[in-house]
Amino acid sequence: MKLKVYKDYNELSAAAAAMIIDCVKAKPEALLCFATGDTPKLAYEMVADRAVKEKVDFSGTFIIGLDEWMGISPDNTGSCHWFLHEYLFKPMNMDASQIHLFNALAKNEKAECDKMNKLIRANGIDLMVVGIGMNGHIGFNEPGTDENSLTHVAVLDEITKTVGQKYFAGKVTIEKGITVGLKQVMEAEKLLMMANGKNKAPVIKKAAEDNISTSFPATLIQKHPNGFLLTDNEAASELKQN
Ligand code: PGA
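Basis of the calculations
- Residues numbered from 1 in each chain as written.
- Predicted model: local features only at pLDDT ≥ 70, side-chain atom pairs only at ≥ 80, totals over all residues.
- Heavy atoms only, no water.
- Pairing = 2+ DSSP bridges.
- Helix = DSSP H or I, 4+ residues; strand = E, 2+ residues; numbered from the N terminus.
- Expected span 1.5 Å × (residues − 1).
- Buried < 20%, exposed > 50% of the residue type's maximum accessible area, 1.4 Å probe, protein only.
- Salt bridge = Lys/Arg side-chain N within 4 Å of Asp/Glu carboxyl O.

**Q** Whenever I open this one, the sheet that holds strand E9 (residues 190-195) confuses me. Can you help?
**A** Sheet strands pair by backbone hydrogen bonding; their relative direction is either parallel or antiparallel. Strand order in the open sheet formed by seven strands is E1-E10-E9-E6-E2-E3-E5, with parallel pairing between adjacent strands. A single partner strand is all that each edge strand has here, and the edge strands are strand E1 (2-6) and strand E5 (99-100). Pairing of strand E2 (residues 31-34) with strand E3 (residues 62-65) involves four bridges; the strand directions are parallel. Each residue of the ladder has a partner; that of Leu 32, found in E3, is Ile 63.

Okay, structure coming up:
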């Protein structure tokens, strides 16, 4: 794992955007897997902006959504679906055929997981962009998730349910989430984990310095052969070497 610390959220986001753009320039048919949330939002806006201005060709690229709140409609502004469309797909004018998001309203959860597993197995993920939850989760791979897990539906941790309310306009009941699994996260060619802000400092300290354990899934970044932990100064403020 390589740790990179940037001055602020803006610089962190610009660096993440550059890694995404560079990946697509090197491999235009890349399969990218993107988290949603407050952390990567600016990076995606920067990707969209640069892609348009610099005419970076994303027309052969495929994008998978890392996760989704089960039972939440895609037009709900708190859904991962809405977020990726709003900040990335619409500004970049991406074609529906390039986008693979979970159907959170699917009756057959297993079929929904199988579809994603098949896609990942056939192509392999070139670049994965993830945030870190306050409980160390990656996507909805909550503490204690099996390291060999593939795409699955998870019962959400209490912390995830509480923190997750911030994305929604009003109070919602969120019990389960569908997510790409830890095995697939770790098998991505490149793993980019991002965090910013003072409230993520204890989480970053654990992710980078605690023993590797699925009780805090973000620690797995330590053993990813091509893993990058990108933070701003505030999120890195509790690290030993900082
Ligand atoms: P955030 O979410 O980017 O909104 O902090 C991170 C996460 O839960 O993975």
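Moving on from the model shown.
**Q** So what exactly am I meant to see when it comes to helix H2 (residues 41-53) here?
**A** Given 3.6 residues to a turn, an α-helix orients residues that are three or four positions apart in the same direction. Over its 13 residues, H2 extends 18 Å from the first C-alpha to the last, a length consistent with the 18 Å expected when each residue adds 1.5 Å. By the burial criterion, the buried members of H2 are Leu 42, Ala 43, Tyr 44, Met 46, Val 47, Ala 48 and Ala 51. Positive backbone phi, approximately 50 degrees, marks Lys 55, located one or two places after H2.

**Q** Sorry if this is basic, but what is going on with unusual backbone geometry here?
**A** Apart from glycine, the bulk of residues carry a negative phi angle, and the bulk of peptide bonds sit in the trans form. If you check the backbone angles, Lys 55 has positive phi at about 50 degrees while not being a glycine. Topologically, Lys 55 is positioned in the loop between H2 and E3. Positive phi, normally seen in glycine, also occurs at Asn 93, with a value near 55 degrees. The residue Asn 93 is located in the loop between helix H3 (80-92) and E5 in this model.

**Q** How do you make sense of the pattern of salt bridges when you look at a structure like this?
**A** As a working rule, side chains carrying opposite charge can pair if their charged atoms are close by. Counted by the stated rule, this structure contains 16 salt bridges. A salt bridge links Lys 27 to Asp 126; the shortest N-O distance between them is 2.8 Å. With Lys 27 in the loop between helix H1 (9-26) and E2 and Asp 126 in the loop between helix H4 (109-123) and strand E6 (127-130), this residue pair connects regions lying 99 residues apart in the sequence. Classification of Asp 126 by relative accessible area gives buried; the value is 13%. Residues Lys 166 and Asp 38 are paired through a salt bridge, measuring 3.0 Å at the closest nitrogen-oxygen approach.

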